[in-house]
Structure formats: C-alpha cells, structure tokens
Amino acid sequence: AVPKTRILATGGASHNKKILQVLSDVFNAPVFTIDTANSACLGSAYRAIHGLVAERNVSLADVVKLAPEPRLAVTPTPGAEEV
C-alpha cells in the first residue's frame, strides 16, 4: 500500500541521505527519489507532451505513467514525530 503522504526528492540534495532523513523525520513521511538527471527538465518535458496530446483528452496523469518509478530512500525514524 502506498502511504497517504510521501515526499519525492529530486536534485542534488536528493543524493544526501542525511538531508533526506531530516525531511522524513520532520514530515513523518517516507522519502522517495528517482534516478533521473535534470528532473526539472523531465517535468517540463512531460508537461509539453501533455500539451501535445491534450486535444485527444489525455490526462497529465496518463502522460506521467511513463515516468520512472520512485525508489524508497528513507523512512521516518521511529519516535521522531514526538520530538
């Protein structure tokens, strides 16, 4: 089952496990990453594809189904939400 809240981290900081752990603990949510360089460009490309196929009633959700699956990087430290 997919958790209700999750964080998708991209960019340079997403390679730093300590930063990801802080995010996970602060927001009490698992953090996922994707192994894609230039993820902002990737997002723009998916929006462009969506614009090209919008006349055919294709949703953005259908377009991004082609995206790489996020990989679980870290989970909240037990008890962190109490701090």
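Look above for the structure.
Residue numbering note: each chain is counted from 1, following its sequence as written. Owing to the predicted nature of the model, reporting of local features is limited to residues with pLDDT of at least 70; listing and counting of side-chain atom pairs is limited to 80 or more, with chain, interface and lining totals taken over all residues. Side-chain descriptors were evaluated using all non-hydrogen atoms of the structure, hydrogens and water having been removed beforehand.

Asks: Which parts of the structure should I look at to understand the overall build of the chain?
Replies: Under the DSSP-based scheme used, a helix requires at least four consecutive residues in state H or I and a strand at least two consecutive residues in state E, with every element numbered from the N terminus. If you tally the helices and strands in the chain, you get three helices and three strands. Tracing the chain from N to C terminus, the helices and strands come up as β-α-β-α-α-β. C-alpha atoms define the radius of gyration in this analysis, and the globule rule sets the expected value at 2.2 Å times the number of residues to the power 0.38. Here the chain has a C-alpha radius of gyration of 15 Å; the compact-globule value for 83 residues is 12 Å, and the former is much larger. Principal-axis analysis of the C-alpha atoms places the extent of the chain at approximately 50 × 25 × 15 Å. Working definition: with a 1.4 Å probe on protein chains only, accessible area under 20% of the residue-type maximum means buried, over 50% means exposed, and in between means partly exposed. For the chain, the proportion of its 83 residues judged to be buried stands at 23%. Taking contacts inside the chain between residues at least 6 apart in sequence as the whole, the part at least 24 apart equals 64%. In the form shown here, the chain has an accessible surface area of approximately 6100 Å², with 59% of it arising from carbon and sulfur atoms. Any two residues having at least one pair of non-hydrogen atoms within 4.5 Å are treated as being in contact. The protein chains shown are the only cover counted for residues, whose accessible areas, like all others here, come from Shrake-Rupley with a 1.4 Å probe.

Asks: How do you make sense of the packing of aromatic side chains when you look at a structure like this?
Replies: For any two aromatic rings, the description comes down to two numbers: the centre-to-centre distance and the angle of the planes. A pair of aromatic rings is counted whenever rings of Phe, Tyr or Trp (Trp by its six-membered ring) have centres within 6.5 Å, and the orientation is called stacked for planes under 30 degrees apart, edge-to-face for over 60 and tilted otherwise. In the structure shown here, the tally under the stated rule is zero aromatic pairs. Its guanidinium or amino end placed over the ring of phenylalanine 32, arginine 6 lies 5.0 Å from that ring's centre, counting from NZ or CZ. The rule is short: NZ of Lys or CZ of Arg within 6 Å of the ring centre and within 35 degrees of the ring normal puts a charge over the ring.

Asks: Just to check I follow, could you spell out the environment of histidine 15 for this structure?
Replies: Its location among the elements puts histidine 15 in the loop between strand 1 (7-9) and helix 1 (17-27). Residue class for histidine 15 comes out exposed when judged on its relative accessible area of 69%. As for histidine 15 and asparagine 57, which are separated by 42 residues in sequence, their C-alpha atoms are 37 Å apart.

Asks: Sorry if this is basic, but what is going on with the nonpolar core here?
Replies: In these notes, a set of buried Ala, Val, Leu, Ile, Met, Phe, Trp, Tyr and Cys residues joined through side-chain atoms within 4.5 Å is what counts as a nonpolar core. Ile7, Ala9, Leu20, Ala29, Val31, Ala73 and Val74 form the largest nonpolar core, which has seven residues in total. Among the secondary structure elements, those contributing two or more residues to this core are strand 1 and strand 3 (71-74). In this view, valine 74 contacts Lys17, Leu20, Gln21, Ser24, Pro30 and Val31; residues no more than four positions away in its chain are not counted.

Asks: Would you mind showing me how to read the environment of alanine 13 here?
Replies: Relative to the helices and strands, alanine 13 is located in the loop between strand 1 and helix 1. On the basis of relative accessible area, alanine 13 is assigned to the partly exposed category, the value being 41%. In this structure, the C-alpha to C-alpha distance between alanine 13 and leucine 42, residues 29 residues apart in sequence, is 17 Å. With residues near it in sequence (within four places) discarded, alanine 13 still touches Ile19 and Leu20.

Asks: Even after reading the chapter, I still don't get unusual backbone geometry, so can you show me in this structure?
Replies: Among all residues save glycine, negative phi is the norm, and among peptide bonds the norm is trans. Positive phi, normally seen in glycine, also occurs at asparagine 28, with a value near 50°. In this structure, asparagine 28 sits in the loop between helix 1 and strand 2 (31-33). On the accessibility criterion, asparagine 28 (41% relative accessible area) is partly exposed.

Asks: Before we go on, may I ask you to explain a nonpolar patch on the surface in this structure?
Replies: A cluster of nonpolar residues, Val22, Val26 and Phe27, forms a patch on the protein surface that exposes about 320 Å² of accessible area. For valine 22, the position within the fold is in helix 1. Candidates for patches are residues over 30% relative accessible area with no salt bridge; among them, like charges are joined within 9 Å and nonpolar side chains (Val, Leu, Ile, Met, Phe, Trp, Tyr) within 5 Å. The rule for a salt bridge is simple: a side-chain nitrogen of Lys or Arg has to be within 4 Å of a carboxyl oxygen of Asp or Glu.

Asks: Honestly, helix 2 (residues 39-53) in this entry has me stumped. Any pointers?
Replies: The periodicity of an α-helix, 3.6 residues per turn, causes residues three or four positions apart to be oriented the same way. With 15 residues, helix 2 extends 21 Å from end C-alpha to end C-alpha; this agrees with the ideal 21 Å at 1.5 Å per step. Its buried side turned inward, helix 2 meets helix 3 (60-64). Each helix should span, by expectation, one fewer than its residue count multiplied by 1.5 Å.

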